[in-house]
Amino acid sequence: MLSLKLAWRNLFRNTRRTLLTCMLVTSSLVVIILVDGIMLGMIDVMVGGITKTLEGEAQVNRKGFRENFEPELFLSDPDTISLALATDARVAGHAPRVIIGSMIASPFNTTGGLVYGVDANSELGVSRLKEATYEGSYLSGVKREILLGKLMAELLEVSLGDRIIITAAQVDTSEITQELFRVTGLFEFGPEEMDQSLAFINLSAAQPLMGMNGHVHQIAIRFVDPEDAKNKSLPTLINLNKGDVEALGWLDLQPSIGGMIEMSSYASAIVGAVLFVLTSLGVINSMFMSIYERIYEFGVAKAIGTTPRQIITLVLLEAFLLALMACAFGILIGYLASSYFESNGISMGRMEMSGVLLDGNMYTQVRPYQFVTFPIYVTLLTVAAAIYPAIFASRIVPSRALQRAL
Amino acid sequence: MKTVIETKDLVRKFGEAETQVTALSHVSTSIKEGEFTAIIGPSGSGKTTLLQLIGGLDEPDGGDVLLSGTNIANMSGKQLSDFRRDHIGFIFQSYNLIPVLSAEENIEYIMLLQGVSAAERKARVREMLALVGLEGLGDRRPAQLSGGQQQRVAVARAMASKPDIILADEPTANLDSTTGIALLDTMRDLNAQLNMTFVFSTHDQKIMDRADRLIHLEDGVIQLDETRQS
């Protein structure tokens, strides 16, 4: 108890220095809490960008379909798959799609693109097509309605009500087929590539256009728990992987994004490591200054029988108390700051990363481990930083220390 | 009376080559249990060096120091720390109290190092404060005490561990003469009451008059060793 009291009081011999060191450690903790929260928020936005925009959290396709969107690679028994998904409690929604690589022409211009034939109701539970429709109206099931991306509409120089001709090759026969549509809505997902090259029509119009009686190319899935999509041993996906049908989560569908997300996690660790090194240098400096000021006292302490180990313990105890104090402030400030940005977000402007639009505010994520694990790291590292000064103090030779003070 | 301190042919030199100074040259002496001994001599005569060597704070370049028959040269650092803690009490010129601890806590600290129980520590602190005449001032920090009071606390701390020997390096140097004499009288009383061995250095004539024995050092050599009637 006396040792604890001595260590605590020693901290406040030079209150200003202690508070400055404390602020340094506190700042590091706050920054690492915020950086981790931002990284989690960014990952969340990126994953959301992939899974909620159009792709879904998982997809069922014929093997090889996603490579070139070959129209012949359709799912031959979509009803069985749909039934399995509809009765699976883990699945929140699924949407069948026909995907046609086609020529899209207006009276003024022509462009190539992918036309998605979708079921308007099912799509509501998987993608955010309806939310992205900023002009006109969402698909209602009427045969000739088409939704165009904002940039495609600009390229084709069309607006609501204008005519669009879709030209595609039919499945199996490869016969060229054409169909007339009228622009009923314009959408904007954000990523340039999507807004320039995608168009949506009703599934009921797409299937006859392609000669695909009842068949679809893809079924997109949304889970009740988004984490299920990352589970490679999830029965929902395993059971659907049969023969030439593959059911993959978004991490397998977009491996490059998975890599990026992994890199983002390392970024937190790198920022943390740099901060901890800088903080450690500050702590070492502060502890050395404190020891140099008390060199006579350490000499006396050793003279009266304090062992080197007891001196090391005292210095480490001082560092431990300093870290505890810093962590108390750090947890409080970190929580307040992180909670504020969790509610209000950090303005990030508008940027696109790997086809994912990061738009508007980045919302940090507050997690309990940030206020347990990080303070433990900070405390351990502060104490570790004090080991060298503590060993120095323990090696002070009493006779020299006493002479120096005189 | 048994011999508690014995030095044999002690040599201590500082510096190297042409700048080398011999602080102690072949000093041999012995001090018996319960003696109240003053090491006297002018500044630079080697008083502090001799006390530091006796206390195991410094290592000699030659010769031996035997405390209660044990040669401290053969001890490891840890053994020497433990020996100092349990057998030697130190009083230094500049009070040497821990400024952030109260007088009571300063006295208690050394007992904490010894592993004395909390109850016994408290009891012994009260006893020591009473012995040095500082009852009621135990909760004050060093800065709230006068120089004389601080040095009394240092005496109490030195005695709290129940050492065999108390070594005091010019304990009155920073005190006015009245306070210095009063402190010496306190040490003298404790020596008489507890039969504790006191060895202190001084160059103050009034202080040395209170010693039983005077060891005169000059240029690192014992010039005279006189025992007086108290």
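Draft legend 1. The interface of chain A and chain B, seen in detail. Taken together, the contacts link 16 residues of chain A with 21 residues of chain B. Only helix H1 (2–11), helix H13 (295–303) and helix H17 (398–405) of chain A provide two or more residues apiece to the side of chain A that touches chain B. Looking at the side of chain A that touches chain B element by element, the count peaks at 4 residues for H1 of chain A. Its residues assigned to classes, the side of chain A that touches chain B comprises 7 nonpolar, 6 polar and 3 charged.

Draft legend 2. Geometry of the sheet that holds strand S6 (residues 88–91) of chain B. Residues and elements named next belong to chain B. With mixed pairing, 6 strands are arranged side by side in an open sheet as S6-S7-S8-S3-S9-S10. The open sheet is flanked by S6 and strand S10 (221–227), the only strands paired with a single partner. Averaged over neighbouring strand pairs, the angle between their axes works out to 15 degrees when direction is ignored. In this sheet, strand S8 (residues 197–202) lies alongside strand S3 (residues 36–40) in parallel orientation, the contact comprising 5 bridges. In the strand pairing of S8, Ile40 is matched with Thr202.

Draft legend 3. Structural context of unusual backbone geometry. Positioned with a positive phi, Glu157 of chain A is a non-glycine residue whose angle comes to about 55 degrees. Note on placement: Glu157 of chain A falls in the loop between helix H7 (150–156) and strand S6 (163–169). For Asp9 of chain B, which is not glycine, the phi dihedral falls at a positive 55 degrees. For Asp9 of chain B, a count of 13 C-beta atoms within 10 Å gives the class partly exposed.

Draft legend 4. Quick peek at the sheet that holds strand S5 (residues 70–71) of chain B. All names here are of chain B. An order of S2-S1-S4-S5 is seen for the 4 strands of this open sheet, with the pairing classed as antiparallel. The open sheet has two edge strands with one neighbour each: strand S2 (21–32) and S5. Relative to strand S4 (residues 62–67), strand S1 (residues 3–14) runs antiparallel, the two sharing 5 bridges. The partner of Glu6 across the bridge, within S4, is Leu66. With respect to the sheet, helix H1 (residues 47–54) is in contact with S1, S2 and S4, its orientation differing from that of S1 by roughly 125 degrees.

Draft legend 5. Just helix H12 (residues 255–293) of chain A, in detail. Residue and element names in this part refer to chain A. With 39 residues, H12 extends 57 Å from end C-alpha to end C-alpha; this agrees with the ideal 57 Å at 1.5 Å per step. What H12 keeps buried is the set Ile257, Gly272, Leu275, Phe276, Thr279, Val283, Ser286, Met287, Ser290 and Ile291. Those residues of H12 hidden inside the fold are in contact with helix H2 (15–55), H13, helix H14 (308–344), helix H15 (373–385) and helix H16 (387–394).

Draft legend 6. Representation of the environment of Ser197 of chain A in the model. Residue and element names in this part refer to chain A. Locating Ser197 in the fold gives a position in helix H8 (residues 192–197). For Ser197, a count of 18 C-beta atoms within 10 Å puts it in the partly exposed group. Expressed as a C-alpha distance, the spacing of Ser197 and Thr111, which sit 86 residues apart in the sequence, is 8.2 Å. Here Ser197 is in contact with Gly113, Leu114 and Met152, once residues within four sequence places are set aside.

What counts, and where the lines are drawn
Residues numbered from 1 in each chain as written. Chains lettered and ligands numbered in written order. Predicted model: local features only at pLDDT ≥ 70, side-chain atom pairs only at ≥ 80, totals over all residues. Contact = placed C-beta atoms within 7 Å. Helix = DSSP H or I, 4+ residues; strand = E, 2+ residues; numbered from the N terminus. Nonpolar A, V, L, I, M, F, W, Y, C, P; charged D, E, K, R; others polar. Pairing = 2+ DSSP bridges. Axes fitted to C-alpha atoms, helices over the stretch in contact; angles between N-to-C directions. Buried ≥ 20, exposed ≤ 12 C-beta atoms within 10 Å, placed from the backbone. Expected span 1.5 Å × (residues − 1).

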